[in-house]
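# Structural overview for review
Listed below are the residues making up each chain.
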Amino acid sequence: MRQVYMDHSATTPVDPEVFEAMVPYLTDRFGNPSSIYSAGRAARQGMEKAREQVASLLNASPDEIIFTSGGTEADNQAIIGYATANRHKGNHIITSAIEHHAVYDTCKYLSRNGFEVTFLPVDGNGVVEPETLKAVLKPTTLLVSIMHANNEVGTIEPIKELATITHEAGAAFHCDAVQTVGRIPVDVVDLGVDMLSASSHKLYGPKGTGCLYLKKGIKVESYLHGGGQERKHRPGTENIPGIVGFGKAAELAQARVDETGKRLRELGGRLAQGLLNAIPHSRLTGHPVNRIPGHVSLCFEFVEGESILLMLDQAGVMASSGSACTSGSLEPSHVLLALGLPHEIAHGSLRLTLGKGNSDEDVDYVLNTLPGIVERLRQMSPLYMKAGER
Ligand SMILES: Cc1ncc(COP(=O)(O)O)c(C=O)c1O
């Protein structure tokens, strides 16, 4: 049976060139980068090369890159680290209602520990409107954290405008760019951000590695305590093979981002339009145009997203759903609800995210498979019957 992986927003396979670059650091170059002998120096050189590769992808300077264990840690380090180090400047933090839990729950944590947090609403397409931000900034605002693109609905946020407004109010700006780094051009200077989080496993690098871009002069205090690695920003012996892989993935992404983005935008557009045409009572979620290339998020009425996933899996298609049954709760995702979707519609969500390995044939396969699955599930749905559709 054909196997079609369409969950690249969850994770991506490691690129063979990335794997090859990592192997020596799992074998000969195993040294601790803090050691002064040759094996240690070789490990350090590998790490510093990776720092340059990642910095180049982001248009940052290598000494502005702090390696972390991934996007979650980068988000925590940025938000908790900045809030702790700059508490004297104020205690108000602004974020959006559609952030990934790595930001959302970190802000909630700070709200239980003496900080005031505002969760900005978004419009029906998932956009954080600059005027909404302007209206809630105040003299005590310390930090604004808004994601570059949303993982569930793919919407790309107007970061440049939001960062400018934030700076005019005297606060700092953090951006969770885990979903965009490697997928669209991300330039920290052009965006005007002070801090930015990225994660290796979203751009064909290994899992468990990421980075925080920390603009020169921005002060953060690490909540981890230990050795003086990463210029005292992130103690702990560095994950050298992971970091080297992240560096290689960044180099490859930089060379391919425009071309791959264009192809995925076309493939994703064909998939979305084909499904919307073939399946009645369906809608696209997120922004119709300003979205991650190859990100297709939909809601189907009268069906559960989880049931679609199970049947797609039986047909060899791997995708995901925004509804939260997976996390053991019956609540649909906070993102879909923030977009104003009613519960019953949010429960029928499906996310298909394409990557560089997907072909036209993969898209055709899903276009041929999914409409029948939705129809079969609807035939079993009492709600569908009640609505007079059967
Ligand atoms: C927007 C966003 N932020 C943060 C994360 C967490 O990244 P990591 O898996 O590297 O911890 C993810 C992962 O899906 C994400 O999509």
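Note that this is a predicted model, so its numbers are computed, not measured. (Residues numbered from 1 in each chain as written. Predicted model: local features only at pLDDT ≥ 70, side-chain atom pairs only at ≥ 80, totals over all residues. Heavy atoms only, no water.)

## Observations regarding the state of the cysteines
A complete count under the given rule lists zero disulfides for this structure. Here Cys107 stays unpaired: no disulfide links it, and the sulfur of Cys175, its closest cysteine neighbor, is 13 Å away. For Cys175, which is in no disulfide, the shortest distance to another cysteine sulfur is to Cys211 and amounts to 12 Å. (Disulfide = S-S within 2.5 Å.)

## Considerations on the packing of aromatic side chains
Summed over the entire model, instances satisfying the criterion amount to three aromatic pairs. On the basis of an interplanar angle of 45 degrees and a centroid distance of 4.8 Å, the ring pair of Tyr104 and Phe119 is categorised as tilted. Of this pair, Tyr104 sits in helix H4 (residues 101–111) while Phe119 sits in strand S4 (residues 116–120), placing them 15 residues apart in sequence. Summarising the aromatic geometry, the rings of Phe302 and Tyr384 are spaced 5.2 Å apart at their centres and angled 55 degrees between planes, so their arrangement reads as tilted. Within this pair, whereas Phe302 is found in the loop between strand S10 (295–300) and helix H9 (305–314), its partner Tyr384 is found in helix H13 (residues 382–386), the two being separated by 82 residues in sequence. Tyr384 matches Phe302 in its accessibility class, with the two residues each being buried. One Lys or Arg, Lys108, reaches over the ring of Phe119 and ends 5.3 Å from the middle of that ring. Sitting over the ring of Tyr204, Lys356 keeps its end group 4.4 Å from the ring centre. (Phe/Tyr/Trp six-rings, centres within 6.5 Å; stacked < 30°, edge-to-face > 60°. Helix = DSSP H or I, 4+ residues; strand = E, 2+ residues; numbered from the N terminus. Buried < 20%, exposed > 50% of the residue type's maximum accessible area, 1.4 Å probe, protein only. Lys NZ or Arg CZ within 6 Å of the ring centre and 35° of its normal.)

## Points about the sheet that holds strand S6 (residues 172–176)
Taken in spatial order, the seven strands of this open sheet run S2-S8-S7-S6-S5-S3-S4, and their pairing is mixed. Only two strands of the sheet have a single neighbouring strand rather than two, namely strand S2 (65–68) and S4. Neighbour-to-neighbour, the strand axes of this sheet turn through a mean angle of 20 degrees, independent of strand direction. Strand direction decides the pairing type here: S2 and strand S8 (residues 210–214), joined by four bridges, are antiparallel. Pairing of Phe67 across the sheet is with Cys211, part of S8. (Pairing = 2+ DSSP bridges. Axes fitted to C-alpha atoms, helices over the stretch in contact; angles between N-to-C directions.)

## Concerning the pairing of S10
Counting buried positions along S10 gives six out of six residues, so the element sits mostly inside the fold. Residue alternation in S10 divides its side chains into two sets, His295, Ser297 and Cys299 and Val296, Leu298 and Phe300, and both sets are buried. As paired elements, strand S9 (residues 282–284) and S10 share three bridges and run antiparallel to each other. Following the sheet pairing, Leu284 is matched in S10 by Leu298. With five bridges joining them, S10 and strand S12 (residues 349–353) adopt antiparallel strand pairing. By the bridge assignment, Val296 is partnered in S12 with Leu352.

## Topic: the nonpolar core
Judged by nonpolar contacts, the single largest core of 60 residues is most densely connected at Leu58, Ile65, Phe67, Phe173, Val181, Val193 and Leu196. In terms of residue count, the dominant contributor to this core is helix H8 (residues 240–278) (eight residues). A domain split of this core shows at least three residues from each of domain 1 (4–10 + 257–386) and domain 2 (16–253). Those residues in contact with Phe173 that sit more than four places away from it in its chain are Leu143, Val144, Ile146, Ile159, Leu162, Ala163, Thr166, His167, Val193, Asp194 and Met195. Residues Phe300, Leu352, Leu354 and Val374 belong to the second largest nonpolar core, which totals 28 residues. (Core = buried A, V, L, I, M, F, W, Y, C linked by side-chain atoms within 4.5 Å. Domains from an automatic or database assignment. Contact = heavy atoms within 4.5 Å.)

## A look at the domain arrangement of the protein
Interface size is often expressed as the accessible area that is lost when the parts come together. Along its sequence, the protein is organised into domain 1 (4–10 + 257–386) and domain 2 (16–253). Contacts between the two partners involve 27 residues from domain 1 and, on the opposite side, 28 residues from domain 2. Buried surface at the junction of domain 1 and domain 2, summed over both partners, amounts to about 2200 Å²; 57% is from carbon and sulfur atoms. Counting the surface domain 1 buries against domain 2, the share from its top three residues, Val257, Ile292 and His334, is 28%. Going through the elements one at a time, H8, S10 and helix H10 (334–338) are the ones with two or more residues in the side of domain 1 that touches domain 2. Its residues assigned to classes, the side of domain 1 that touches domain 2 comprises nine nonpolar, 13 polar and five charged. (Buried area = accessible area lost by both parts, 1.4 Å probe. Nonpolar A, V, L, I, M, F, W, Y, C, P; charged D, E, K, R; others polar.)

## Here we look at the packing of helix H1 (residues 16–26) against H8
The geometry of H1 relative to H8 is characterised by a closest axis approach of 8 Å and an angle of 155 degrees between their N-to-C directions. Considering their axes alone, H1 and H8 lie roughly antiparallel with respect to each other. Viewed along their axes, H1 and H8 form a crossing whose handedness is right-handed. Note on element contacts: H8 touches H1 through Ile240, Pro241, Gly242, Val244, Gly245, Lys248, Ala249, Leu252 and Arg256, opposite Glu17, Val18, Ala21, Met22, Tyr25 and Leu26. Of the residues assigned to the contact of H1 with H8, the class counts are ten nonpolar, two polar and three charged. (Parallel < 35°, antiparallel > 145°, perpendicular 65-115°, else oblique. Left-handed = near helix turned anticlockwise from the far one by under 90°.)

## Quick notes on the confidence of the model for the protein
For the protein, per-residue confidence averages 96 on the pLDDT scale, and residues scoring 70 or more make up 97% of the total. Within the protein, H13 has the poorest average pLDDT of any element, 81, and S6 the best, 99. (pLDDT = per-residue confidence, 0-100.)

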